[in-house]
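Notes for the structure review
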Amino acid sequence: MFFAIIGFLLFGFPVAFTLGGVSMLFALIGYWLGVFEPRMFGTLASRYGGIMRNDVLVAVPIFIFMGMMLERSGIAEQLLITMGRLFRTMRGGLGLSVIIVGALLAASTGVVGATVVTMGLLSLPAMLRAGYDPRLSSGVICASGSLGQIIPPSTVLIFLGDMMSGINQQVQMEMGNFAPQVVSVGDLFAGAFVPGMMFVGIFILYMLYKAWRDPASCPALEVTDEEKAALLKDVFVSLVPPLVLIFAVLGSILGGFATATESASVGAVGAMLLAAMKRKLNLANLRHVMMATATTTSMIFIILVGASVFALVFRTMGGDELVSDFLNALPGGKVGAIIFIMLLMFFLGFILDTFEIIFLVVPITAPILLFMGVDPLWLGVIIAVNLQTSFLTPPFGFSLFYLRGVAPDSVTTRQIYEGAIPFVLLQMVIIGLLVAFPGLVTWLPSVIR
């Protein structure tokens with residue numbers, strides 16, 4: 001089933017319908033062989049009803065709406081321009097501004113594609129005009145734009161948190177623990193916060209290193225007296241509103257004052273207020289944002305519908321036992337199983353989107369790893385970080401494709417790939433630290449519980 005799905009995807013069939021269609025085909029084969037009963041499809045109704053009644057997943061379209069509203073209102077554009085002016089007198093200053101703005105946009109939108117495209121359209125031409133190396137410019141934009149995968153609030157973390165919560169409760173009950181500790185989306189947000197800041201920190205250190213060792217690749221710029229006089233006001237106007245919004249959204253979750261869904265609502269209202277302050281909250285923009293939100297949300301959930309059919313057929317015909325026996329037979333025990341699954345997800349990231357991977361792989365493999373004693377919070381964050389790295393890795397990283405679509409012809413695809421490689425290596429360093437020191441993930445959730 002798994003390789004048949006990959007094969008159909010390589011032919012260009014839509015993911016959601018491939019998952020459902022191939023699963024139905026194998027269910028028919030299983031019925032013919034006497035190993036699958038069609039009445040099992042009756043359980044899908046309760047599964048889909050549970051998805052629609054899930055309060056946590058309501059946060060997904062609201063966070064998408066918030067991100068789309070911030071992008072449409074021009075707040076991201078103004079933030080990029082202002083931060084670029086603030087750091088332009090430093091060598092590597094434009095690169096630093098891109099990293100900081102990427103982190104701020106990730107913490108206020110969580111939409112990777114929109115962030116990469118926005119920064120590619122605004123920052124890349126400015127960096128090239130300033131004499132920046134196209135490789136360095138491309139790499140820092142792609143890396144900073146992909147931070148939306150790991151820095152809360154991330155729609156990927158919402159799905160992972162909801163899935164880990166259900167899987168952990170199921171595994172703990174099967175092991176005899178009928179009062180397991182609840183793993184919430186807020187816990188996963190807290191667990192991802194420190195790794196997200198580590199990514200921002202190591203990107204900034206790399207940019208400073210390039211400014212020191214290779215100043216020609218990231219020269220400083222001149223600032224006129226008029227720009228200096230208006231800079232403080234511009235920074236205050238551009239920076240304070242997004243920071244207030246980030247504090248309202250993340251602070252309410254991490255402080256335990258609100259659930260992810262409630263904080264998403266706060267963020268959506270805040271985004272509309274910011275758009276109104278910029279006089280961009282009109283019917284045309286609202287219609288555009290609502291249509292974009294509906295389209296993105298429908299894409300995500302229709303994949304979930306197809307993945308549910310796949311999981312049902314796969315498990316009913318003994319796929320769980322097959323995967324469990326395979327992982328337990330790997331050399332290295334728990335460590336070997338984790339390495340294999342992470343490598344599988346990493347390479348699947350070359351051909352599948354993040355949501356497709358987590359809907360396809362996590363329900364099958366996560367229960368086995370939790371039975372082996374893997375911490376569900378740590379596992380959720382490592383999966384998100386791993387997929388973020390795959391999102392950036394040449395030759396198939398989605399962030400690279402987003403930038404290629406908006407980059408000028410003077411920037412070659414090879415330069416974009418070469419620019420991304422150092423940031424991929426930096427992310428692997430962070431993954432190594434998270435594996436060696438799991439407390440980097442589990443410490444903050446334990447403190448705020």
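First, a word on what this report is: a plain description of the structure on this page. (Residues numbered from 1 in each chain as written. Predicted model: local features only at pLDDT ≥ 70, side-chain atom pairs only at ≥ 80, totals over all residues. Heavy atoms only, no water.)

Further remarks concern the overall build of the chain. In terms of helices and strands, the chain carries 20 helices and zero strands. By the compact-globule yardstick of 22 Å for 449 residues, the chain fits well, its C-alpha radius of gyration being 22 Å. Summarising its shape, the C-alpha atoms of the chain cover approximately 80 × 45 × 45 Å along the three principal directions. Put simply, the chain has 449 residues, and 54% of those count as buried. Taking the intrachain contacts of the chain between residues at least 6 apart in sequence as the baseline, contacts between residues at least 24 apart amount to 81%. Put simply, the chain shows about 19600 Å² of open surface, and 69% of that area lies on carbon and sulfur atoms. Here the chain holds 22 positive side-chain charges and 23 negative ones, and the gap between their average locations is 7 Å. (Helix = DSSP H or I, 4+ residues; strand = E, 2+ residues; numbered from the N terminus. Rg over C-alpha atoms; globule rule 2.2 N^0.38 Å. Buried < 20%, exposed > 50% of the residue type's maximum accessible area, 1.4 Å probe, protein only. Contact = heavy atoms within 4.5 Å. Areas by Shrake-Rupley, 256 points an atom, 1.4 Å probe, with all protein chains shown as cover. Lys, Arg positive; Asp, Glu negative; His and termini not counted. Charge placed at Lys NZ, Arg CZ, Asp CG, Glu CD.)

Look at helix 10 (residues 185-213) against helix 17 (residues 376-392): their axes get within 9 Å of each other, and the N-to-C directions meet at 45 degrees. On the basis of their axis angle, the class for helix 10 and helix 17 is oblique. Note that helix 10 runs across helix 17; the crossing there is right-handed. For the pair formed by helix 10 and helix 17, the contact residues are Asp-187, Leu-188, Gly-191, Ala-192, Pro-195 and Phe-199 on the first element and Leu-377, Gly-380, Val-381, Val-385 and Gln-388 on the second. Of the residues assigned to the contact of helix 10 with helix 17, the class counts are seven nonpolar, three polar and one charged. (Axes fitted to C-alpha atoms, helices over the stretch in contact; angles between N-to-C directions. Parallel < 35°, antiparallel > 145°, perpendicular 65-115°, else oblique. Left-handed = near helix turned anticlockwise from the far one by under 90°. Nonpolar A, V, L, I, M, F, W, Y, C, P; charged D, E, K, R; others polar.)

Soluble, globular proteins show a tendency: their nonpolar side chains are buried together. Grouped together as the largest cluster of nonpolar side chains are 144 residues, with contacts concentrated most on Phe-159, Phe-359, Val-362 and Ile-383. Contacts of Phe-159, omitting those with residues within four sequence positions, involve Leu-57, Val-60, Ile-300, Phe-301, Leu-304, Phe-355, Ile-358 and Phe-359. (Core = buried A, V, L, I, M, F, W, Y, C linked by side-chain atoms within 4.5 Å.)

Attention now goes to the packing of aromatic side chains. Tallied over the entire structure, the rule returns 15 aromatic pairs. Centroid distance Phe-326 to Phe-340: 5.0 Å. Interplanar angle 65 degrees. Geometry classified as edge-to-face. Of this pair, Phe-326 sits in helix 14 (residues 319-329) while Phe-340 sits in helix 15 (residues 333-348), and the two are 14 residues apart along the sequence. With relative accessibility at 41%, the residue Phe-326 sits in the partly exposed group. Ring plane angle 50 degrees and centroid distance 6.4 Å describe the contact between Phe-391 and Tyr-402, whose orientation is recorded as tilted. Taken together, the residues span a long stretch of sequence, with Phe-391 in helix 17 and Tyr-402 in helix 18 (residues 398-406) at a distance of eleven residues. A residue is classified by how much of its surface remains accessible, and Phe-391, at 5% relative accessible area, is buried. Judged by relative accessible area, Tyr-402 falls into the partly exposed class, the value being 31%. Grouped by ring-pair contacts, the aromatic residues Phe-159, Phe-301, Phe-355 and Phe-359 constitute a single cluster. Of note, Arg-213 hangs over the ring of Trp-212, and the distance from its end group to the ring centre comes to 5.4 Å. (Phe/Tyr/Trp six-rings, centres within 6.5 Å; stacked < 30°, edge-to-face > 60°. Lys NZ or Arg CZ within 6 Å of the ring centre and 35° of its normal.)

Let's shift gears to the packing of helix 16 (residues 354-371) against helix 17. The contact between helix 16 and helix 17 brings their axes to 12 Å, and the two run at 145 degrees. In the packing of helix 16 onto helix 17, the handedness of the crossing is right-handed. From helix 16, Thr-354, Ile-357, Ile-358, Val-362, Ala-366, Leu-369 and Leu-370 reach across to helix 17, where they touch Pro-376, Leu-379, Ile-383, Leu-387 and Phe-391. When its residues are assigned to classes, the contact of helix 16 with helix 17 shows eleven nonpolar, one polar and no charged.

Another aspect to go through is unusual backbone geometry. Despite not being glycine, Arg-279 shows a phi value in the positive range, around 60 degrees. Tracing the backbone through its elements, the reader meets Arg-279 in the loop between helix 12 (260-277) and helix 13 (283-316). According to the relative accessible area criterion, Arg-279 is exposed, its value standing at 77%.

Taking 1.5 Å as the rise per residue, helix 17 with 17 residues should run 24 Å; its terminal C-alpha atoms sit 25 Å apart, in good agreement. Of all 17 residues in helix 17, 17 are buried; the element is thus mostly enclosed. For helix 17, the N-terminal capping position is held by Asp-375, with its side-chain oxygen 2.9 Å away from the main-chain nitrogen of Leu-377. (Expected span 1.5 Å × (residues − 1). Polar contact = N/O pair within 3.5 Å; in protein donor to acceptor, adjacent residues only side chain to side chain.)

On to the environment of Phe-359. Along the chain, Phe-359 falls in helix 16. Residue Phe-359 is classed as buried on the basis of its relative accessible area, which comes to 3%. On a C-alpha basis, the gap between Phe-359 and Ser-138 in space is 30 Å, while along the polypeptide they are 221 residues apart. Apart from residues lying up to four places away in sequence, Phe-359 is in contact with Phe-159, Met-163, Ile-300, Ile-303, Leu-304 and Ala-307.

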